[in-house]
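# Structural characterization, general
Listed below, chain by chain, are the residues.
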Amino acid sequence: MIAQDAASLFGVLSNADRLGVIRALVEAGPDGMSAGAIARKIGASPSRASFHLHALSEAGFLHKERQSRNLNYRMDFKTLGRLITFLMEDCCKGSAELR
């Protein structure tokens, strides 16, 4: 990942509600959560949660799929992992123990 891509992803995350969505979906694991459950978890109205879910999906952090009348969101752990790797790849002068 190049610095510009990482900066764009961090820009999307620069909101407390969006960080709450990420944390909720990381906690939920690969099964994900419905949009309504996410809204309740972060204390947001459905329309506000939808706005943030759309931004996170567009950035590649989330996958969504329709399950009957609901939308279910899952974390794209690959995107999150690439961002964490970008931060940590040169960590601590190469110390494997600290990395």
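Further up the page is the structure itself.
In what follows, the accompanying structure is described. (Residues numbered from 1 in each chain as written. Predicted model: local features only at pLDDT ≥ 70, side-chain atom pairs only at ≥ 80, totals over all residues. Heavy atoms only, no water.)

Our focus in this paragraph is a nonpolar patch on the surface. Together, Phe10, Ile84, Leu87 and Met88 line one region of the surface with nonpolar side chains, adding up to about 350 Å² of accessible area. Here Ile84 lies in helix α5 (residues 77-88). (Patch = residues over 30% accessible without salt bridge, like charges linked within 9 Å, V, L, I, M, F, W, Y side chains within 5 Å. Areas by Shrake-Rupley, 256 points an atom, 1.4 Å probe, with all protein chains shown as cover. Salt bridge = Lys/Arg side-chain N within 4 Å of Asp/Glu carboxyl O. Helix = DSSP H or I, 4+ residues; strand = E, 2+ residues; numbered from the N terminus.)

Here the focus is the environment of Cys91. Position of Cys91 relative to the elements: it lies in the segment after α5. Between the C-alpha atoms of Cys91 and Glu58, which are 33 residues apart in sequence, the distance is 29 Å.

Our focus in this paragraph is the pairing of strand β3 (residues 70-75). By the bridge criterion, 2 bridges tie strand β1 (residues 33-34) to β3 in an arrangement that is antiparallel. Bridge pairing in β3 links Ser34 to Asn72. One ladder, built from 6 bridges, connects strand β2 (residues 62-67) with β3; its direction is antiparallel. Note on β3: the bridge partner recorded for Gln67 is Asn70. In this antiparallel pair of consecutive strands, β2 and β3, the connection spans 2 residues, and Ser68 shows a positive phi of 55°. (Pairing = 2+ DSSP bridges.)

Per the counting criterion, the structure on display carries 3 salt bridges. Asp17 serves as the salt-bridge partner of Arg48, at 2.8 Å between the closest nitrogen and oxygen. Of the two residues, Arg48 is situated in helix α4 (residues 46-59) and Asp17 in helix α2 (residues 16-28); the sequence distance between them amounts to 31 residues. Here Glu65 makes a salt bridge to Arg74, at a shortest N to O gap of 3.7 Å.

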